[in-house]
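Understanding the architecture of this molecule
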Amino acid sequence: MLIYLESKAKSYPLTQQILSKFSNASVIEIDHYKNIFDKNIWNHKLANAIILAKQENISILPTPANYWYPGKAFFFKSVLNCIFDCEYCYLKWAFKTPFPSIFVNYQDIQNVISEKITSLRKSWYADTIYFYSSNYSDIQWLDEMINFNQSFIPFFEKFPNVLMESRTKSANMASLIREDWEGSIPQNTEISFSLNPQSIIDSFEHKTSSLDERINSINTLISKWFKVWIRFLPLLPVENYLQIYTDFISYIKEKVDFNKVNSIFIWSIIYTKSDYNNLLKRWNFAFEWKFQECSDWFMRIEDRITQDFKNLFTSSFPDKRILFDII
Ligand code: SF4
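Our subject in this report is the structure included herewith.

Analysis parameters
Residues numbered from 1 in each chain as written. Predicted model: local features only at pLDDT ≥ 70, side-chain atom pairs only at ≥ 80, totals over all residues. Heavy atoms only, no water. Helix = DSSP H or I, 4+ residues; strand = E, 2+ residues; numbered from the N terminus. Rg over C-alpha atoms; globule rule 2.2 N^0.38 Å. Buried < 20%, exposed > 50% of the residue type's maximum accessible area, 1.4 Å probe, protein only. Contact = heavy atoms within 4.5 Å. Arc of directions from axis to C-beta. Expected span 1.5 Å × (residues − 1). Pairing = 2+ DSSP bridges. Axes fitted to C-alpha atoms, helices over the stretch in contact; angles between N-to-C directions. Salt bridge = Lys/Arg side-chain N within 4 Å of Asp/Glu carboxyl O. Parallel < 35°, antiparallel > 145°, perpendicular 65-115°, else oblique. Nonpolar A, V, L, I, M, F, W, Y, C, P; charged D, E, K, R; others polar.

1. Remarks on the overall build of the protein
Check the secondary structure of the protein and you find twelve helices and 18 strands. Relative to the globule expectation of 20 Å for 327 residues, the C-alpha radius of gyration of the protein, 20 Å, shows essentially globular dimensions. Across its three principal directions, the C-alpha atoms of the protein cover 55 × 45 × 40 Å. Considering the protein as a whole, with its 327 residues, one finds that 54% of them fall into the buried category. Counting only contacts in the protein whose residues sit at least 6 apart along the sequence, the fraction spanning at least 24 positions is 77%.

This is the structure in structure tokens:
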């Protein structure tokens, strides 16, 4: 294990906690995380490594229109990169190295989020404000190392009508279950599980938790206290997709009590044209799927397949409000 340690990140308590957890790791001090993170080293044989860094010029980016819940919504980042290896994931070409870069200055990130909430409330925005934490990494898998839950869940509890989502393909819920959250159930955090049939997990979602492991975690969290989202995504137009997803829905309905699931989303897959071309360079599966251009900028699966997915999920969950994204 190798730890690249940015000089500016050295003094933070989270840095010290991580270093003490990996006391046998080799530590290399660096001036700036981008000196490693922006090096094009995907094709090299690599040691396991992480980068500890301080996030500067922290930006809380608004989500695109129609991204999940309507209203004001933002992405924030505490980690860049993911140890899982989903073949369709844009991170694999968005970032030049596979090493997770962990930003240890949580307090600074929270200050920026807090300012955003305050300024919206001052402008009389009263609806729910959403924050998405996992668009740059699978944070739940890393949580034993990075203590994200212990810091950010209580932080978000301070704000009325604010919701933080942490999306995962991991079954690692240890830190969530261990905490007693000061005796009260967190109301402002939802853990959202991305689910797909096991055959698709095997083929495309390398290193992620199995479907049954994720289902076990869903049931554990529901039984404990937590708000759980289920996201059926990305729905992939593999051969015989309708039968595969029909069987999958029957299976999961047997295993999970959907009356206790907070919300359901479905989403297929969409790429910018440049991401799509990069995908084709790394993998060849996209050739087998039927993509179409939907504007000057985007590629998505054919309308007919999208409609099949919508019909299948709405008829399978007639009592649930199902939110669709830009598919
Ligand atoms: S788990 Fe999510 S972030 Fe990680 S590789 Fe898969 S799609 Fe990308």
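2. Some words on helix H1 (residues 13-21)
Three or more residues of H1 are buried, namely Leu-14, Thr-15, Ile-18 and Leu-19. The buried side chains of H1 occupy one side of the element, clustering within an arc of 135° when seen end-on. Exposed residues lying more than 90 degrees from the buried face of H1 are Pro-13 and Ser-20. Buried-residue contacts for H1 involve strand S1 (2-6), strand S2 (26-30), strand S3 (49-53), strand S8 (101-103), helix H4 (106-122) and helix H5 (139-146).

3. Focus: the environment of Trp-225
As for its position among the elements, Trp-225 is in the loop between helix H9 (211-224) and strand S13 (227-232). Classification of Trp-225 by relative accessible area gives buried; the value is 16%. As a C-alpha pair, Trp-225 and Pro-186 span 39 residues in sequence and 8.1 Å in three-dimensional space. Residue contacts for Trp-225: discarding those within four places in its chain leaves Leu-176, Trp-181, Ile-185 and Pro-186.

4. A closer look at H9
In this model, H9 (14 residues) spans 20 Å end to end at C-alpha, consistent with the 20 Å of a helix rising 1.5 Å per residue. All buried positions along H9 are accounted for by Leu-211, Arg-214, Ile-215, Ser-217, Ile-218, Leu-221 and Ile-222. Projected down its long axis, H9 shows its buried positions confined to an angular sector of 160°, all on one face. In H9, those exposed residues whose orientation departs by more than 90 degrees from the buried face are Asn-216 and Ser-223.

5. Describing the sheet that holds strand S15 (residues 270-272)
Pairing is antiparallel across the open sheet formed by three strands, whose spatial order is S15-S17-S16. For this open sheet the edge positions go to S15 and strand S16 (291-293), each flanked by a neighbour on one side alone. With direction set aside, neighbouring strand axes in the sheet form an average angle of 30°. In terms of strand pairing, S15 meets strand S17 (residues 298-301) through three bridges, oriented antiparallel. By the bridge assignment for S17, Tyr-271 is matched with Met-299. The sheet contacts of helix H11 (residues 273-282) involve S15, S16 and S17, and relative to S15 the element is tilted by about 100°.

6. So, the pairing of S3
Consecutive residues of a regular strand have side chains that alternate between opposite faces of the sheet. In terms of burial, S3 is a largely internal element, five of the five residues being buried. The side-chain alternation of S3 yields two buried faces, one formed by Ala-49, Ile-51 and Ala-53 and the other by Ile-50 and Leu-52. The pairing of S3 with S8 spans three bridges and is parallel. Among the inter-strand pairings, Leu-52 is bridged to a residue of S8, identified as Ile-102.

7. Describing the pattern of salt bridges
Per the counting criterion, the structure on display carries nine salt bridges. Linking Glu-56 and Lys-8 is a salt bridge whose minimum nitrogen-to-oxygen distance equals 3.8 Å. Taken as a pair, Glu-56 in the loop between S3 and strand S4 (61-62) and Lys-8 in the loop between S1 and H1 lie far apart in primary sequence, 48 residues in all. Residue Glu-56 is classed as partly exposed on the basis of its relative accessible area, which comes to 39%. In this structure, Lys-10 and Glu-29 form a salt bridge, with 3.0 Å as the shortest nitrogen-oxygen distance. Pair noted here: Lys-10 is in the loop between S1 and H1 and Glu-29 is in strand S2, with a separation of 19 residues, a long-range link. Look at the salt bridges and you will find they share partners, linking Glu-165, Arg-167 and Arg-231 into a network.

8. Observations concerning the sheet that holds S1
Strands in a sheet are paired, the pairing made by backbone hydrogen bonds, and the direction either parallel or antiparallel. Ordered by their spatial adjacency, five strands build an open sheet running S2-S1-S3-S8-S6, and the pairing between neighbours is mixed. Every interior strand has two partners, whereas the edge strands, S2 and strand S6 (79-80), have only one.

9. Details of the packing of H1 against H5
Close contact between H1 and H5 brings their axes to 10 Å; oriented N to C, the two are set at 85°. Viewed along their axes, H1 and H5 adopt a mutual orientation that is roughly perpendicular. Counted together, Leu-14, Ile-18 and Lys-21 of H1 and Glu-144, Met-145 and Ile-146 of H5 form the full contact between these two elements. Counted by class, the contact of H1 with H5 contains four nonpolar, no polar and two charged residues.

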